[in-house]
Amino acid sequence: MAWTIESALEDEALEKTEKTYEGYSIWLKDIPVEISIVLSVNPSRGGFDFRISHYIRTPTQIGPYIPSRPWGDDEAYALHLAVSTITQYYKDATKKGHVPSQSWLTQNE
């Protein structure tokens, strides 16, 4: 599937999304924290790098998930990867009955 910006932001775990000057902001359902995603062109390898403002650590995880490959072949795929690094663990935890909490998010310093 070829990702588009719209499809990358169509995730059931998201309450709200917003285009920003540097990329996008997302909010998870029931967690009132803005998570920013900065996208930038990777001049050496091509494609786009992404940086997320927060990592997620739900009760089902041992530690926060830090993506090992913060890069995608194009802008839409990089955005999809950035969003899914947060939402996949959110959805897993909520499906197991955990109530979303701000404590699930830790600042990426």
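Read on for an overview of the structure. As the structure is a computational prediction, the values presented were derived from the model and not from experiment.

What about the sheet that holds strand E4 (residues 48–52)?
In step 1: Strand order in this open sheet of five strands is E1-E2-E3-E4-E6, and the pairing throughout is antiparallel. Only two strands of the sheet have a single neighbouring strand rather than two, namely strand E1 (14–19) and strand E6 (71–72).
In step 2: With four bridges connecting them, strand E2 (residues 23–28) and strand E3 (residues 35–41) associate as antiparallel partners. The residue of E3 that forms the bridge with Tyr24 is Ile37.
In step 3: Helix H2 (residues 75–95) rests against E1, E2, E3, E4 and E6 of the sheet, and its axis sits at about 30° to E4.

A look at the environment of Val38
In step 1: Checked against the element boundaries, Val38 lands in strand E3.
In step 2: Residues Val38 and Phe50 lie 12 residues apart in sequence; the distance between their C-alpha atoms is 5.5 Å.
In step 3: If we skip the residues at most four places from it in the chain, Val38 touches Glu22, Asp49, Phe50 and Arg51.

Remarks on the pattern of salt bridges
A side chain of one charge can pair with a side chain of the opposite charge if their charged atoms are brought near each other.
In step 1: Scanning the entire structure with this criterion turns up three salt bridges.
In step 2: Between Asp11 and Lys91 there is a salt bridge, and its shortest N-O distance comes to 3.3 Å. A residue pair is termed long-range when its members are at least 10 positions apart, and Asp11 in the loop between helix H1 (5–8) and E1 and Lys91 in helix H2 qualify at 80 residues.
In step 3: For Asp11, a relative accessible area of 16% puts it in the buried group.
In step 4: For Lys91, a relative accessible area of 21% corresponds to the partly exposed category.

So, the environment of Arg45
In step 1: Here Arg45 lies in the loop between E3 and E4.
In step 2: Among the residues examined, Arg45 registers a relative accessible area of 54% and is labelled exposed.
In step 3: The spatial distance from the C-alpha of Arg45 to the C-alpha of Leu79 is 17 Å, given a sequence separation of 34 residues.

A word on the pairing of E1
In step 1: Relative to E2, E1 runs antiparallel, the two sharing five bridges. Paired with Lys19 across the two strands is Tyr24, which belongs to E2.
In step 2: Hairpin remark: E1 followed by E2, antiparallel, with three residues in the connecting loop.

So, how was this worked out
Residues numbered from 1 in each chain as written. Predicted model: local features only at pLDDT ≥ 70, side-chain atom pairs only at ≥ 80, totals over all residues. Heavy atoms only, no water. Pairing = 2+ DSSP bridges. Helix = DSSP H or I, 4+ residues; strand = E, 2+ residues; numbered from the N terminus. Contact = heavy atoms within 4.5 Å. Axes fitted to C-alpha atoms, helices over the stretch in contact; angles between N-to-C directions. Salt bridge = Lys/Arg side-chain N within 4 Å of Asp/Glu carboxyl O. Buried < 20%, exposed > 50% of the residue type's maximum accessible area, 1.4 Å probe, protein only.

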